[in-house]
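# Structure assessment
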Amino acid sequence: MNQTPLIFLGSFAAMAASFWGLVVAPQNTIGRQQATLIQDTGAYYPASRTGSAEAGAQVYRAQGCAECHTQQVRPKGQGGDIDRGWGRRRTVAEDYLADQPVQIGALRLGPDLSNIGRRQPDATYHLQNLYNSRLLKPGSLMPRYTYLFDVRPLGEGVKPSEAALPAATEPGFEVIPKPEAIALVAYLQSLAADVPLFSAPFPIAKTNAAAVVAPAPKQ
Amino acid sequence: MASTSQQSSATGLSDEQINRSCRAAVGILLIGAATWAVIGLLLGLLSSIKMHVPGLWDLCPWVSYGRVRPAFFTAIIFGFLSQIGLASVLWMIARLGRVLLAMPALAVGGAVLWNVAVLVGVLQIMGGMSTGFPLMEMPRHAASLLLGGYTLVALSAFVTHRARVERNLYISHWFLISALFAFPWLMSVGYMLAVVEPLRGVMQSVAGAYFANGVLHLWIAALALGAAYYLLPKCAGVPTHSRQTAAFGFWALVICANWSATSQLIGGPLPRWIISAGISAKWLLLLSAAAYAANYLQTTHKAKSGTQREPAHAFVFFGSLCYCIWTLLEILGTLPSVSPRLTFTLYHQGLLHLALFGFAGMILSGAAYHISSQVFDASIVKGGFIRGHFFLGVFGAGLIAFAYVLGGYAQGATYNDPAVPMTDAVRGVVKFIGMASLGYLLLLLSQLFFLTALVRGVLGATAQERAAFCAWCCGVPDAGNKSRAQA
Amino acid sequence: MSKKKRQSETNKPATSGGGDTDFTRQQGNRSGSSEPTADCNPIHMGLIVLLSILLFAADMQLMAHRGGFEARVYEPYNTVEEVELQWPIDPAVEARRKGKRVYDTVCTACHQGNGLGTAGQFPPLAGSDWVNEEGPNRLINLVLHGIQGPMTVNGQAYNNAMPPWGPVLKDDEVAAVVTYIRSEWGNKGSAVTPEQVAPIRQAGADRGPWSADELLKVPVK
């Protein structure tokens, strides 16, 4: 008996079934979600990224930041993410509607970045962190992204340019971020997943009632 | 010297003839695999060192950690393991079917195209063009080349299979053929839905996880199991104990591995049911490992004592052990009592290394030695190289897996403890990462042994062909042939 | 040359022992070659037991953590209702839900889910003159003590018995169901609070079911 067609049919059936169950069925629900209208501000969440932040997402992807950083906050009972202040609530599918590509990450060798735009809104902090993380956090294992910056020695009596990082970053040199670094920082500043959504209320119920930007719960 | 056992009948082909027909394709695939193993492990060693010496070579974007790490995985999975898998497919289908390899030129073309694709992909990842999805970082154009190389090799394999004389299928056939069906499907689903025409939102990550999980279980693991079942009777000297058990394990793998994709996304931004379905399927994968272990133990239990040992037997033993341990630890990682501690730690990286180097790496290396000793020079398995490869490989893979699994478990507690600053929590893993770097070094050395043994064997066996080729190139009459003709 | 010939005939990997052992020869292969074969032996019972255990465990796991297969339910919640409980409750919505629950439990059987009743047997509630009175007192009394005998609803004559629900329903449930009836199916009656129900219940503590004539004498407000 020729079993080859049986192997083909069996494999095909298994792959078709799992494709339907894990890809098609969820696609019909979470894949068709739309951005939520925030009643108080009239803005949509998540907002699509434009300009520098959009380019920054590609810089994030190209440097492989997702190798060490995740962009997913777990619920309160399941790990210390919310206790660490990485988010006010867990992340859900709606948070990634505007991402291209979605970089949720899988390994943490550094903090989660879902809400880094809220935790660290300062651009200079991010630029210094990228240039030399150990300036800000001694003992950090983050690589130095010196190639995202132009580093020029400062001559006698020459003032550093306006765009340069603070002098303490590299004494005797001016460190000017390249457009990629600026875009990446704009992207990081846009990372925030703190609008309470129906599927992801704030863990403390009273906070939901008091939340200014809470949308009406779905029926 | 009875050679009738190697010759089926007056009209049948001898092993030697079948071996010879596979030479070119298998040669390119195996040497390519060994080369990519060395390159991949160089990248891996570099990435591991960069983890604990973060300022190393920071001026060069090509070797920044976030680029070198995915390049390493790509080189290992697609450059190293897949190529030995493809060589096993071609050679085992030809040998089991008792037929010459069909369309060998196509197979050779496919092998070359595959290597070109991996090279382009690895360089593009290091150049900053990665897709961003785990294990699927190869950019789309290199992936198309890969699919093209696959198509040529698969065509040769299927035509060979159709032309087979021995019509009954052996267990290896099931695994190898289902792997051949799975690969283009996985590439299509992964790339189309996450890269080319991406789905909206986190469904991209689901498609990426579908790809990564499929490549691990339905491509690499299936190829390794197919090769393992081929080598098992050779190691024991008796037929495989139970075809039915192997079938049970095969269908368990094919059905359950498909559904276990989302178990890697525990804690992730997906509705509860999607992740639970993946976890349930992952638990059922234990059946595949248990069936294989049952067959392994029952077959080797009956092993004839005093038979000459198949040189690859040690590889098959260690690889089988790692397969079972990997399956069990994967299931452990999904249990609700420990999964919050293990998610996002090096634990899962450790299991990935256990699967790639401990399980698939070892079994496929054993298969590579077996195949090359048949197709090229039997002396490949003589001497110190194979032993050196084995022991360095065992210690290297074991050390990395041990370090990452232990490190992940130990550090998971500090990761979830808000009182410990993240920087300090991560620093606590450094000693484990250092252990792993040593493991990478040992693995690199083992693969250097492998490459050396292979190259020497291939060069030795093809002395005649190379001389003829050189003579043809230079337009000089082949002195070697002339002297043989006169002898 | 002879060395090459020997190598071509022995396709086994040469080991240090040398020689021509045929450890690779297997039985049962038709073509008599050295390819691996498999025997047909039954699956070990342990694997069948393991299959049962794992199927059971996997099923239990999935059923316990399936979140109703709802796309809106994420860990750690199990049902959409659990998620809804996290959100501030709109009192009007909650009251209607409660009233509907009571209605579905005790009233639907006779008055139907659409409030139209059964012609000739049970009077309708939708658009009923009894329901749409200015004040709810008659309706509260009716629900608490029941009614029997002939009555006219929307010009139609009915002669049936409705049991008293006062012993079964608490004040807030009575208030909820009367509010529901008075606001559902196009009815435009006012809402009712439990504070309105309590004195009426007390006033008629020991009485039996009403008759239509008696009830019509009760002031509406």
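Bear in mind the structure is a predicted one, so any value in this text is a computation, not a measurement.

Here is what the cut-offs are and how they apply
Residues numbered from 1 in each chain as written. Chains lettered and ligands numbered in written order. Predicted model: local features only at pLDDT ≥ 70, side-chain atom pairs only at ≥ 80, totals over all residues. Heavy atoms only, no water. Helix = DSSP H or I, 4+ residues; strand = E, 2+ residues; numbered from the N terminus. Buried < 20%, exposed > 50% of the residue type's maximum accessible area, 1.4 Å probe, protein only. Contact = heavy atoms within 4.5 Å. Areas by Shrake-Rupley, 256 points an atom, 1.4 Å probe, with all protein chains shown as cover. Buried area = accessible area lost by both parts, 1.4 Å probe. Salt bridge = Lys/Arg side-chain N within 4 Å of Asp/Glu carboxyl O. Nonpolar A, V, L, I, M, F, W, Y, C, P; charged D, E, K, R; others polar. 1 Å grid on protein atoms, 1.4 Å probe; cavity = no way out; pocket = protein on both sides within 12 Å on 5 of 7 lines; lining within 4 Å. Points joined across faces, edges and corners; volume = space filled by probe spheres on them.

### Remarks on the overall build of chain C
- If you tally the helices and strands in chain C, you get nine helices and two strands.
- Helices and strands appear in chain C in the N-to-C order α-α-α-α-α-α-β-β-α-α-α.
- Counting every position in chain C, which comprises 221 residues, the buried fraction comes to 38%.
- In chain C, the proportion of contacts linking residues at least 24 apart, taken out of those at least 6 apart, comes to 55%.
- Of the roughly 12,200 Å² of accessible surface on chain C, 58% is carried by carbon and sulfur atoms.

### Here's the deal with the interface of chain A and chain B
- Each partner contributes residues to the interface: chain A has 69 residues there, and chain B has 79 residues.
- Interface area, chain A with chain B, both sides summed: about 6,200 Å², of which 63% is carbon and sulfur.
- Looking only at chain A, the three residues that lose the most surface to chain B are L22(A), R84(A) and L141(A), adding up to 12% of its buried area.
- At the surface where chain A touches chain B, the tally comes to one salt bridge.
- With a closest N to O distance of 3.4 Å, D58(B) and R144(A) form a salt bridge.
- Mapped onto the side of chain A that touches chain B, the elements with two or more residues apiece are α1 (4-29) and α2 (51-62) of chain A.
- Counting residues per element, the side of chain A that touches chain B draws most heavily on α1(A), which supplies 17 residues.
- Of the residues contributing to the side of chain A that touches chain B, the split by class is 32 nonpolar, 25 polar and twelve charged.

### Quick word on the layout of surface pockets
- Approximately 710 Å³ is the volume found for the second largest pocket.
- For the second largest pocket, the lining is made up of 37 residues, of which H69(A), G110(A), P111(A), K137(A) and M142(A) are closest to its centre.
- Mapped by element, the contributors of at least two residues to the lining of the second largest pocket are α3 (116-119), α4 (123-131) and α6 (179-189) of chain A together with α1 (15-52), α2 (65-97) and α14 (422-427) of chain B.
- The biggest single contributor to the lining of the second largest pocket is α4(A), with four residues.
- Here the residues of the lining of the second largest pocket are counted per class, giving 21 nonpolar, eleven polar and five charged.

### Side note on the pattern of salt bridges
- Applying the stated rule across the entire model yields 26 salt bridges over all chains.
- Between D39(C) and K302(B) there is a salt bridge whose closest N-O contact spans 3.8 Å. Taken together, the residues span two chains, with D39(C) in the loop between α1 (2-9) and α2 (45-64) and K302(B) in the loop between α9 (286-301) and α10 (313-332).
- Linking D172(C) and K98(C) is a salt bridge whose minimum nitrogen-to-oxygen distance equals 2.6 Å. With D172(C) in helix α7 (residues 171-183) and K98(C) in helix α4 (residues 91-106), this pair connects stretches of sequence that are 74 residues apart.
- The exposure class of D172(C) is partly exposed, given its relative accessible area of 27%.
- Overall, the relative accessible area of 26% leaves K98(C) in the partly exposed class.
- One network of salt bridges, with partners in common, ties together R74(A), D81(A), R108(A) and D112(A).

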